[in-house]
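Report on the structure
Take a look at the letters that make up each chain.
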Amino acid sequence: MARLYQSCVEVLLVIHVLSCFWYVAACPLGKCQKNTWVYDMQMHDAGKEGGGHLEGEEEEEEEEEHNEEGGPVVAPPALQAYVSTVYWTVATMTSTGYGDIHAFSPGEMIFSSVVMVFGKLMFGFVLGNIASTLSNSEAFKVSFEENLKATKEHMKDQDVPQDLRHKVVNYYDYIWLRNRGVDVSTLFLEAPRCLQEDVSYSMTKEYLDRSALFRGLQETFLKSLSTRLRLLFFLPGNYVLHRGDMGAEMYIIFRGEVESGYAKSDGEFVVEAVMSEGKVIGEMSLAYTLPRRRSVRARKHTDIFALNRRDLMELLEDFPKVKQEIEQRSVILFGHLGAPRLKDKERRSSSLSARRSGTSRTGLSVHSSGQLNRPRSPGPNNATHVLDMALGI
């Protein structure tokens, strides 16, 4: 739209300038001359107003005698002169040329010819810009509609249920309304890494500070962590997580509201809590592999940042001190449920070492009978409290 506004302003400016030059050609230094378009316009107007009246004829004869003597023509009112010149300029540049105002002197003829040629070139350039702008503005929409069409055809070919098709189409509609189909995760890929981190951290700093695991950690780590957060969109009624699923992600509500609860056998969803912007969900899933105790679904259009446990573990390899700090916090916050989850490779190595030595890093001991003694499980009430606190629901 900015290019359209710029083109319109340029056209109006050119019309104004050419109108001024057209007036100056007939009235240099404010003194209008005979044998010009101003003189012809005044004679035409005087003829209409005189209309057989003796007084009008006498005035016209006096004016003709005055002009024959070489005197200047009376200048028309400023508003009338400006409207007339603008009218002539637009008619000439668009090649309309009604002929009611036309050139008389050689200078006016030359200027009119230049305006005609320039008008053709300028309007061709402006129309080309407008067509290019409209074409570029529709490019994203055309590409988005092609992807949506391919998705619909695929769902139809795979015989996807009709209600599920509507959900998919509604999601695409929301994506278009939200960001015109642009993948926001790719906007800064060409920018330097430090700039990407600064932008991501400025968007997520407030929310990361609300997490007990990450609050107050090294800023360089938090900046790198912010680039690992993925922005997800949920429509009203869409589930963020299901009860019983094995947790592997932490969620931070960026915009909107969600509700937590459980579904009855008849399908009715029982709401136990409503969470809004800034709430952290499933924080414990970054350290433990445990089933979700609550289902969470979007209450309205909701944007959520998601952090995957695998991405966190990969990042912590570059920050050993931060990794140690997070492990200690995990034990303090969620230690009632066991030691923090290790990476698969470390866990396999620990298990193998435990089999050889008779003990494991998690504190499990092996008796001669071959049975494992595990740490005492917390009571049901305490475990429920810790799980609810960790899941944030």
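Here we summarise the structure given alongside this text. (Residues numbered from 1 in each chain as written. Predicted model: local features only at pLDDT ≥ 70, side-chain atom pairs only at ≥ 80, totals over all residues. Heavy atoms only, no water.)

Description of the overall build of the chain
Condition: Strands here mean DSSP runs of E at least two residues long; helices mean DSSP runs of H or I at least four residues long; both are numbered from the N terminus. Buried, partly exposed and exposed residues are distinguished by accessible area as a fraction of the type maximum, computed with a 1.4 Å probe on protein chains only: under 20%, between the cut-offs, and over 50%, respectively. Two residues qualify as a contact provided that any one of their heavy atoms is within 4.5 Å of a heavy atom in the partner residue.
On a plain count of helices and strands, the chain comes out with 12 helices and 10 strands. With 393 residues in all, the chain has 35% of them scored as buried. When contacts within the chain are restricted to residue pairs at least 6 apart in sequence, long-range pairs at least 24 apart make up 74% of them.

Some words on the side chain of R165
Our working definition: We count Lys and Arg on the positive side and Asp and Glu on the negative side, and we leave His and both chain ends out. Between Lys or Arg on one side and Asp or Glu on the other, a salt bridge is scored when a side-chain nitrogen of the former is within 4 Å of a carboxyl oxygen of the latter. Counting of polar contacts relies on pairs of N or O atoms within 3.5 Å, with two restrictions inside protein: one atom must be capable of donating a hydrogen and the other of accepting it, and residues adjacent in sequence are counted only when both atoms are side-chain atoms.
Here R165 lies in helix α6 (residues 162-179). Buried charge without a partner: R165 forms no salt bridge, and the closest opposite charge is D159, 4.2 Å away. Here V160 takes part through its backbone oxygen, which lies 2.8 Å from a polar atom of the side chain of R165. When sequence neighbours within four positions are dropped, the list of residues in contact with R165 reads M155, K156, D159 and V160.

What about the nonpolar core?
The cut-off we apply is this: Here, nonpolar core refers to any group of buried Ala, Val, Leu, Ile, Met, Phe, Trp, Tyr and Cys residues whose side-chain atoms link them within 4.5 Å.
F214, F221, L222, L225 and I326 are the most contacted members of the largest nonpolar core, which has 24 residues in total. Listed by contribution, the elements that provide at least two residues to this core are α7 (193-208), α8 (219-226), β3 (249-255), β8 (302-308), α9 (309-316) and α10 (320-334). Ranked by residue count, the leading element in this core is α9, at 4 residues. Ignoring sequence-local partners within four residues, the contact set of I326 consists of L213, F214, L217, F221 and L316.

Description of the packing of α7 against α8
Keep this limit in mind: Axes here refer to lines fitted to C-alpha atoms; in helices the fit is confined to the stretch in contact. Angles between the N-to-C directions go from 0 to 180 degrees. Geometric relationships in this document are graded by angle, where less than 35 degrees denotes roughly parallel, more than 145 denotes roughly antiparallel, 65 to 115 denotes roughly perpendicular, and other angles denote oblique. Nonpolar residues are Ala, Val, Leu, Ile, Met, Phe, Trp, Tyr, Cys and Pro. Charged residues are Asp, Glu, Lys and Arg, and all others, Gly as well, are polar.
With their axes 7 Å apart at the nearest point, α7 and α8 run at an angle of 95° to one another. Considered as vectors, α7 and α8 are oriented roughly perpendicular to each other. Counted together, R193, E197, D198, S200, Y201, T204 and L208 of α7 and E219, L222, K223, S224, L225 and S226 of α8 form the full contact between these two elements. Counted by class, the contact of α7 with α8 contains 4 nonpolar, 4 polar and 5 charged residues.

What about the packing of α8 against α9?
Condition: Note: crossing handedness is left-handed where the near helix turns anticlockwise from the far helix by less than a right angle, and right-handed where it turns clockwise.
The geometry of α8 relative to α9 is characterised by a closest axis approach of 11 Å and an angle of 145° between their N-to-C directions. Here α8 and α9 pass one another in a crossing that is right-handed. Contacts between α8 and α9 involve F221, S224 and L225 on the former and, on the latter, L312, L315 and L316. Per-class residue counts for the contact of α8 with α9 are 5 nonpolar, 1 polar and no charged.

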